[in-house]
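These are the residues of each chain, in order.
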Amino acid sequence: MGSDDMKIFENIINHKINNITSTELMKYSKQFKIKITNEEAVKLANHLNGRKINIFKPNERAQLIREVAKLTSPATAKELNELFNLFAEQ
C-alpha cells in the first residue's frame, strides 16, 4: 500500500472505532474470537463514541487498552491489543 492508501485505511479503521455500536462490537468480537459480554459491549461503545482515538499511534493505543482493561478485563484488553497490532502492521 502506498502512503495515501495507508492513510485512508487508518482513517476508516479509526472512524469505525470512534463510532462503533454495541451491536457491532458483539459482531466483531465473535468474528475475531474476543470474549465480551453484551454489558461490556455497551460500556465500550459508550466509552468510544465521539472520541478521536488513533489506534495507529502507540501511545493512544496503549491508553485505550488500559481503559478497555478497566471496563472489561485484562484478558479482553490483551486480545484486543493483539487485534489492533495486526491492523497497525498493515
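Residues numbered from 1 in each chain as written. Predicted model: local features only at pLDDT ≥ 70, side-chain atom pairs only at ≥ 80, totals over all residues. Heavy atoms only, no water.

Asks: What is the right way to look at helix α4 (residues 58–71) in this model?
Replies: Note that an α-helix has 3.6 residues per turn; residues three or four places apart therefore point the same way. Given a rise of 1.5 Å per residue, 14 residues ought to cover 20 Å, and the 20 Å separating the end C-alpha atoms of α4 matches this to within 8%. Lining the buried residues of α4 we find α3 (38–48) and α5 (74–89). (Helix = DSSP H or I, 4+ residues; strand = E, 2+ residues; numbered from the N terminus. Expected span 1.5 Å × (residues − 1). Contact = heavy atoms within 4.5 Å.)

Asks: Whenever I open this one, unusual backbone geometry confuses me. Can you help?
Replies: Most peptide bonds take the trans form, and the phi angle of most residues other than glycine is negative. The backbone phi angle of lysine 33 is positive, close to 55°, even though this residue is not glycine. With respect to the secondary-structure elements, lysine 33 resides in the loop between α2 (22–31) and α3. A relative accessible area of 69% means that lysine 33 is categorised as exposed. (Buried < 20%, exposed > 50% of the residue type's maximum accessible area, 1.4 Å probe, protein only.)

Asks: Explanation requested: α5 in the structure shown.
Replies: If you check α5, its first and last C-alpha atoms are 22 Å apart, about what 16 residues at 1.5 Å a residue would give, namely 22 Å. Every buried residue of α5 is listed here: Thr76, Ala77, Leu80, Leu83 and Phe84. Considered in projection along α5, the buried side chains sweep an arc of 125° and stay on one side of the axis. Exposed and facing more than 90 degrees away from the buried side of α5 are Pro74, Lys78 and Glu89. (Arc of directions from axis to C-beta.)

Asks: What am I meant to see in the packing of aromatic side chains here?
Replies: Working definition: an aromatic ring pair is given by the centre-to-centre distance plus the angle between the planes. As enumerated under the stated definition, the model contains 1 aromatic pair in all. Pairing phenylalanine 9 with phenylalanine 56 gives two aromatic rings, centres 6.1 Å apart and planes at 65°, and the pair type is edge-to-face. Placement of phenylalanine 9 in helix α1 (residues 3–18) and of phenylalanine 56 in the loop between α3 and α4 is noted, with a sequence separation of 47 residues between them. (Phe/Tyr/Trp six-rings, centres within 6.5 Å; stacked < 30°, edge-to-face > 60°.)

Asks: Help me out: how do you make sense of the environment of valine 42 in this one?
Replies: One can find valine 42 in helix α3. Looking at valine 42, the relative accessible area reads 40%, which means it is partly exposed. Sequence separation between valine 42 and isoleucine 12 is 30 residues; the distance between their C-alpha atoms is 22 Å.

Asks: Would you mind showing me how to read the packing of α4 against α5 here?
Replies: Geometrically, a packed helix pair is captured by the angle between its two axes and the distance between the axes. Orientation of α4 relative to α5, taken along the N-to-C sense of each, is 155°, at an axis distance of 8 Å. With respect to each other, α4 and α5 are oriented roughly antiparallel. The two elements α4 and α5 meet at a crossing, and its hand is right-handed. Where α4 abuts α5, its residues Arg61, Leu64, Ile65, Val68 and Ala69 lie against Pro74, Ala77, Leu80, Asn81, Phe84, Asn85 and Ala88. Among the residues forming the contact of α4 with α5, the class breakdown is 9 nonpolar, 2 polar and 1 charged. (Axes fitted to C-alpha atoms, helices over the stretch in contact; angles between N-to-C directions. Parallel < 35°, antiparallel > 145°, perpendicular 65-115°, else oblique. Left-handed = near helix turned anticlockwise from the far one by under 90°. Nonpolar A, V, L, I, M, F, W, Y, C, P; charged D, E, K, R; others polar.)

On their own, these measurements won't tell you what the molecule is for.
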